[in-house]
There are 2 protein chains.
Amino acid sequence: MKFNENFKDIAENYLFAEVADRAAKYTAAHPDKKVLKLGIGDVTLPLAPAVISALHSAVDEMAVKESFKGYGPYEGYGFLREGIKDYYKHMGVELAADEIFVSDGAKSDLGNILDIFAKNNTVLVPDPVYPVYVDTNVMAGRKVIFANATKENGFLPMPDYKVEADVIYICSPNNPTGAAYSVEQLAEWVKYAREKGAVILYDAAYESFISEEGLARSIYQAEGAKECAIEFCSFSKTAGFTGTRCGYTVIPHALESNGFSANKLWFRRQATKFNGVPYIIQRGAAAVFTAEGQAQIKENLAVYKRNAAVIAECMDGLGIWYTGGKNSPYIWLKCPDDMGSWQFFDLLLNEAQVVGTPGAGFGKNGEGFFRLTAFGSKDTTAEAVERIKRVLKNR
Amino acid sequence: MKFNENFKDIAENYLFAEVADRAAKYTAAHPDKKVLKLGIGDVTLPLAPAVISALHSAVDEMAVKESFKGYGPYEGYGFLREGIKDYYKHMGVELAADEIFVSDGAKSDLGNILDIFAKNNTVLVPDPVYPVYVDTNVMAGRKVIFANATKENGFLPMPDYKVEADVIYICSPNNPTGAAYSVEQLAEWVKYAREKGAVILYDAAYESFISEEGLARSIYQAEGAKECAIEFCSFSKTAGFTGTRCGYTVIPHALESNGFSANKLWFRRQATKFNGVPYIIQRGAAAVFTAEGQAQIKENLAVYKRNAAVIAECMDGLGIWYTGGKNSPYIWLKCPDDMGSWQFFDLLLNEAQVVGTPGAGFGKNGEGFFRLTAFGSKDTTAEAVERIKRVLKNR
C-alpha cells in the first residue's frame, strides 16, 4: 500500500500553533499580566434564542417515534433549502432549491468539491489567503499559481488575461485581509472565467458583514456567474455556528462543461461520501431565516461590526494603513515602521499584551502585515485598542 | 476547466430508486393493499432518553456566553473520545484517545480516508457489498478487484495469497449479507494484509448486533491488526443516530509505512477539510456510553434483534437458506426455486405486499439473493413474516 506522497508537499501549518505557543510562553513568564486575544477568527456570542428554541424542539422530535428522523436527504431538508433560497432572493439572486446543498460547513465543501474536478487543472489562488485553498489542492497533486494581493491593489487582485487558470478561488470579504469586491469587480472575474472556460470557487463565508452599497454579497449578483461559479457559505460567522456546524453550497444548473453538470456531479459525490447534516442542526439553521432569527443575529453581528469599527478607528487615529474593518470582522493592517509580521506580533504581545495573527502566515504577500479580529467581547476589544494606542503612540 | 472523468465510470445506483418506484406503482394500482417495508437499512426507534437529555443540556450551554462553544477540536472532544476508548476497553482493545477521530458518520470517513492513499493502489472489495466502497475508489481512478462472497463460503471470503491487493475492505457484520467474521478469521486477513503490506479498511458499523461468542466486534481483537487496519464505526445503528450523524474512526499509531504515519496523515486531512462534529451532537453521543445510555440503547437493539430472529425463524420454517439474522439486522436469503432477485422482489410485492431489497443490487454475486431488514416495528415485522409464510408455503 502506498500513502499519498503529495502530503509531503503541504507546508506544516504552524501559524496558529506558533501564535498560541508564544502567547503561552509570555503568560508563563508574566503571570500577573492579562493577555487579550484578538487573533482567532472564532465567534464568542451565544446562539440566538430563536435558534436555541428550534434546536430544543428538534431534540424533542427525536425523542418520539412518530416524529423521529432517520436518514435525511443528502442535500439537506427542503425546509432549510427553501429558507436559503429566500435569503438569496432578498439579495436579488433567484435560485432553484435543488441548486442548494446543505453541508456541515463551508470548509468541508471547499475541500471536498475538488473531487468533481480532474487533477490536471491549474488552480489560481490569491496570496495572502485562507491556507486550506492551497493545501487541499496540493494534497490532490494539482498545480497552484498565485494572484498577488498587495497594498497597491488594495488586496483585491483583478484578472490578468495572460494567466491561464482553470479553477479560481475568490474569498470576499476576504480572510485574512477583510477586503471586499464590488459587484462590478466580480463581473470582471466572471468575464475572465467565462473566456478561459474556468470555474470560480467563491467563498462568501463573511457576506453578512457587508454593509456598503455596491459590494457583492453573492457572486451571482454579477451577470453570467451562474455559468461559471460555485458559491460556498456558512452559518458560522453569520449566526455563530462555528461549533454548531452548518453551511451551504450553491451549484447552479447552468454550470456545465463537456457533457457534465457540476450540480449532478456534486450530488453524486455527496450521495457517495456524505449522509447529510443532523436533522436537529438543520432545524436550528432554518430558524436563522425567521423574522425573529434575522433580528437576533443582526444584534450579534452589530456587536462584532462595532468592534471592527473601534479597531478601524484606532488605526485611523494612528495613521496606520489597513483594509477591512468596515465590511468584515477582520482588520488587516500594515505593520508600522516597516516591521515584519512576527516582529510586530512580539511588540504587541510584549508591550500591549495583545495577541493578533502575523500576516506572513497567510502567504508571502502577507509579510509586513497583521490581522486583528472583531470577534472578541466589546470590553476586550476596547481595552486592547487602548493598549495598542498607548504602545504605538509612544514609539 | 476539466471535470473528473472518472465519474463516467461510476454505475448509476438505481437500486433503491427502482425499489421505491416499483413499490409506488404497486400502491397506486392497489390503493386498498397495505404495503410493508423491510427494505431500507434505517432505524425507526427514537433516540434514548439519556441522549435526548444530553442534547437538551448541550443546547442550553450554547445559549449562554459563558458555556457557548465555538470551533471544537477537528478530531472530536476529549469527553467523547474517552468514552469511545472505554467502550473499546470493554471489548479487550486498548487504544490511546488520540488514535480515535470523531466524525459525522462512518460513510463520510470511509470515503474521505482515501485522500491519504496514493492513486496507484489496488483495492480489494468483497462482492456483494455496500456500494460506496467501489464508487469512492472508481471516483478516484483506482483499480478495484473483487473477493467473491458466495453461498459456498457463507458470504465470508477468506484471503487468497495469489491476489495482490493494497487496500482491503471488510465489513463485518456485513451489509448486505449479515455474515460476521470470527476473530480467528480476521486474524487470517490480518496475516495476509501484513504479508502483502496492505491496509484493511474495516467497517464495524453493525458490531453492536453481535451476540455470539468468538465473533469479532473489532478487528483489533485480532493480533497484529493495529499495524495494518483502520476501523470505522458509527452511532447510527448502535444508538439510532442515522439522522443525528456521529461516528468514529480508529487509526492506531502503529499503522506506518514508508515514513508516513496514517494517524498523522488523517489528522492533517481532517484539519484541512473538516471542522469537527457539532458540540451538541458530540454531547448526545457521549451519553450513549453512560450506564443509563448503555441500558437504554440495549433495549432498542433488543427490539431489532428480536425482529431479526423472527424473520430468521420464518426462513428456518420454510427451509430457506440464509446468512445473518443472528448477529446482524440483515437477513440475506437465497431466493426460493432459483428465482432471480428482482423476480422474487416482484413476487413478494405482488403476493405478500412486502418490500425487500434485491441482492443483485449489491454486486454480481448478489443475484438470486434477497435482503430483509429488522429495522421495522415489531408489528410490521410480525405481519410481514406471516404474509411471507403464507405466500411461500402455498407455492
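We now turn to the structure provided with this report. Per-chain numbering applies: the sequence of each chain, read as written, is numbered from 1 onward. A letter from A marks each chain and a number from 1 marks each ligand, given out in the order of writing. Residues qualify for local features only when their pLDDT is at least 70, as the model is predicted, and side-chain atom pairs are given and counted only at 80 or more; totals for whole chains, interfaces and linings, by contrast, use all residues. Working from all heavy atoms in the structure, the side-chain values ignore hydrogens and water.

## Structural notes on the overall build of chain A
In this text, helices come from DSSP runs of H or I with a minimum length of four residues, and strands from runs of E with a minimum of two, each type numbered from the N-terminal end. Along the backbone of chain A there are twelve helices and 15 strands. Considering only C-alpha atoms, chain A reaches an extent of 60 × 55 × 50 Å along its principal axes. To sort residues, take the accessible area from a 1.4 Å probe on protein chains only and compare it with the maximum for the residue type: under 20% means buried, over 50% means exposed, and anything in between is partly exposed. Residues classed as buried in chain A amount to 64% of the 395 residues present. A fraction of 74% describes how many contacts in chain A between residues 6 or more apart in sequence connect residues 24 or more apart. Per-residue and other accessible areas follow the Shrake-Rupley method at a 1.4 Å probe size, with only the shown protein chains counted as cover for residues. Summed over all atoms, the accessible surface of chain A reaches about 14500 Å², with 50% contributed by carbon and sulfur. For the purpose of charge, His is not counted, nor are the chain termini; Lys and Arg are scored as positive and Asp and Glu as negative. Working definition for charges: the position is that of NZ of Lys, CZ of Arg, CG of Asp or CD of Glu. Computed over 43 positive and 48 negative side-chain charges, the inter-centroid distance for chain A is 2 Å. Here, two residues are considered to be in contact whenever any of their heavy atoms come within 4.5 Å of each other.

## Points about the pattern of salt bridges
Residues and elements named next belong to chain A. What makes a salt bridge here is a side-chain nitrogen of Lys or Arg within 4 Å of a carboxyl oxygen of Asp or Glu, nothing more. Counted by the stated rule, this structure contains 38 salt bridges over all chains. Close ionic contact of K25 with D21 constitutes a salt bridge, the shortest N to O distance being 3.1 Å. Pair noted here: K25 and D21 are both in helix α1 (residues 15-29), with a separation of four residues, about one helical turn. Across the pair D338 and K334 runs a salt bridge, and its minimum N-O distance is 3.2 Å. D338 sits in the exposed class, given a relative accessible area of 66%.

## What to know about the relation of the copies chain A and chain B
Least-squares fitting of one copy onto the other uses the C-alpha atoms of those residues that reach a pLDDT of at least 70 in both copies. Placing chain A over chain B gives an RMSD of 0.0 Å and needs a rotation angle of 180°, together with 0.0 Å of translation along the axis. In symmetry terms, the pair is related by a two-fold rotation axis. Distance from the rotation axis, computed per C-alpha, reaches its smallest value in chain A at H56(A): 3.1 Å. A shared binding surface is used by both copies, with 100% of the interface residues of chain A retained as interface residues in chain B.

## Focus: the pairing of strand β8 (residues 247-250) of chain A
Residue and element names in this part refer to chain A. Residues G247 and T249 of β8 are buried on one face, and the alternating residues Y248 and V250, pointing to the opposite face, are buried as well. Pairing between strands is defined by DSSP: at least two bridges between the two strands are required. Relative to β8, strand β2 (residues 100-103) is paired through four bridges, and the arrangement is antiparallel. Looking at the pairing, S103 lines up with G247 of β8. In terms of strand pairing, strand β7 (residues 229-234) meets β8 through four bridges, oriented antiparallel.

## Notes on the sheet that holds strand β12 (residues 330-334) of chain B
All names here are of chain B. Strand order in the open sheet made by the four strands is β11-β12-β15-β14, with antiparallel pairing throughout. What marks the edges here is a single partner per strand, and that holds for β11 (322-324) and β14 (357-358). Inspection of the sheet shows β14 paired to strand β15 (residues 369-373) by two bridges, in the antiparallel sense. For P358, the partnering residue across the bridge sits in β15 and is F370. Strands β11, β12 and β15 of the sheet are contacted by helix α10 (residues 291-318), whose axis makes an angle of about 15° with β12. All axes here are fitted lines through C-alpha atoms, helices being fitted over the stretch that makes contact, and every angle between N-to-C directions spans 0 to 180 degrees.

## Considerations on the sheet that holds strand β3 (residues 122-127) of chain A
The strands making up a sheet are joined through hydrogen bonds of the backbone, oriented either antiparallel or parallel. Residues and elements named next belong to chain A. Ordered by their spatial adjacency, seven strands build an open sheet running β2-β8-β7-β6-β5-β3-β4, and the pairing between neighbours is mixed. The open sheet terminates on both sides in strands that have one partner only, identified here as β2 and β4 (143-148). The sheet shows a mean angle of 20° between the axes of neighbouring strands, direction not considered.

## Regarding the packing of aromatic side chains
The description of an aromatic ring pair rests on the distance of the ring centres and on the angle between the ring planes. Here is the rule: rings of Phe, Tyr and Trp (six-membered ring for Trp) pair when centre to centre is within 6.5 Å. Planes less than 30 degrees apart are stacked, more than 60 are edge-to-face, and the remainder are tilted. Throughout the structure, instances matching the rule amount to 54 aromatic pairs over all chains. Between the aromatic rings of F235(A) and F241(A), the centroid separation amounts to 5.6 Å while the plane-to-plane angle is 40°, which identifies the pairing as tilted. Judged by relative accessible area, F241(A) falls into the buried class, the value being 0%. Pairing Y77(B) with F79(B) gives two aromatic rings, centres 5.3 Å apart and planes at 15°, and the pair type is stacked.

## Here we look at the side chain of E231(B)
Residues and elements named next belong to chain B. Position of E231 relative to the elements: it lies in strand β7 (residues 229-234). In this structure, E231 is buried with no salt-bridge partner, the nearest side chain bearing the opposite charge being R217 at 8.8 Å. Among the polar contacts listed, one links the side chain of E231 to the backbone nitrogen of I219, at a separation of 2.7 Å. Ignoring any residue separated from it by four or fewer positions in sequence, one finds E231 in contact with Y88, Y202, A204, R217, S218, I219, Y220, Y248, T249 and V250. In the analysis that follows, any N or O atom pair within 3.5 Å is treated as a polar contact, provided that within protein one partner can donate a hydrogen and the other can accept it, and provided that, for residues neighboring in sequence, both atoms belong to side chains.

## Remarks on helix α11 (residues 341-352) of chain B
Residues and elements named next belong to chain B. An expected span of 1.5 Å times one less than the residue number is assigned to each helix. Compared with an ideal rise of 1.5 Å per residue, which puts twelve residues at 16 Å, α11 spans 16 Å between its outermost C-alpha atoms and is within 8% of the ideal. Among all positions in α11, only S341, F344, F345, L347, L348, L349 and A352 are buried. Looking one or two residues past α11, Q353 carries a phi angle of roughly 55°, positive in sign.

## Some points on the interface of chain A and chain B
Contact with chain A, which involves 79 residues of that partner, is made by 79 residues of chain B. Buried area counts how much accessible surface, traced with a 1.4 Å probe, disappears from two parts once they are put together, with both parts' losses summed. Surface buried jointly by chain A and chain B totals about 6800 Å² across both partners, of which 61% is contributed by carbon and sulfur atoms. On the chain A side of the contact with chain B, M1(A), F3(A) and R268(A) bury the most area, a combined 13% of that side's loss. Counting every contact that joins chain A to chain B gives four salt bridges. The residue R268(A) makes a salt bridge to D135(B) at a minimum N-O spacing of 3.3 Å. For the side of chain A that touches chain B, the secondary-structure elements that each account for two or more residues are α2 (49-62), α4 (106-112), α5 (132-139), β9 (256-257), α8 (262-273) and α9 (279-287) of chain A.

## Considering unusual backbone geometry
Residue P128(A) is reached from D127(A) by a cis peptide bond, and omega for that bond is 5°. Within the fold, P128(A) resides in the loop between β3 and α5. Looking along the chain, the bond that leaves N175(B) and enters P176(B) is cis, with omega of 20°. Topologically, P176(B) is positioned in the loop between β5 (167-171) and α6 (183-196). Its identity as a non-glycine residue notwithstanding, N258(A) has a phi of 55°, on the positive side. Topologically, N258(A) is positioned in the loop between β9 and β10 (260-261).

## Focus: the packing of α2(A) against helix α2 (residues 49-62) of chain B
For the pair α2(A) and α2(B), interaxial distance at closest approach is 10 Å and the crossing angle is 175°. On the basis of the axis angle, α2(A) is roughly antiparallel to α2(B). Here I52(A), L55(A), H56(A), V59(A), D60(A) and M62(A) of α2(A) lie close against α2(B), whose contacting residues are I52(B), L55(B), H56(B), V59(B), D60(B) and M62(B). Three categories are distinguished: nonpolar for Ala, Val, Leu, Ile, Met, Phe, Trp, Tyr, Cys and Pro, charged for Asp, Glu, Lys and Arg, and polar for the others, with Gly belonging to the last. Of the residues contributing to the contact of α2(A) with α2(B), the split by class is eight nonpolar, two polar and two charged. Each angle gets one of four labels, with under 35 degrees taken as roughly parallel, over 145 as roughly antiparallel, 65 to 115 as roughly perpendicular, and the rest as oblique.

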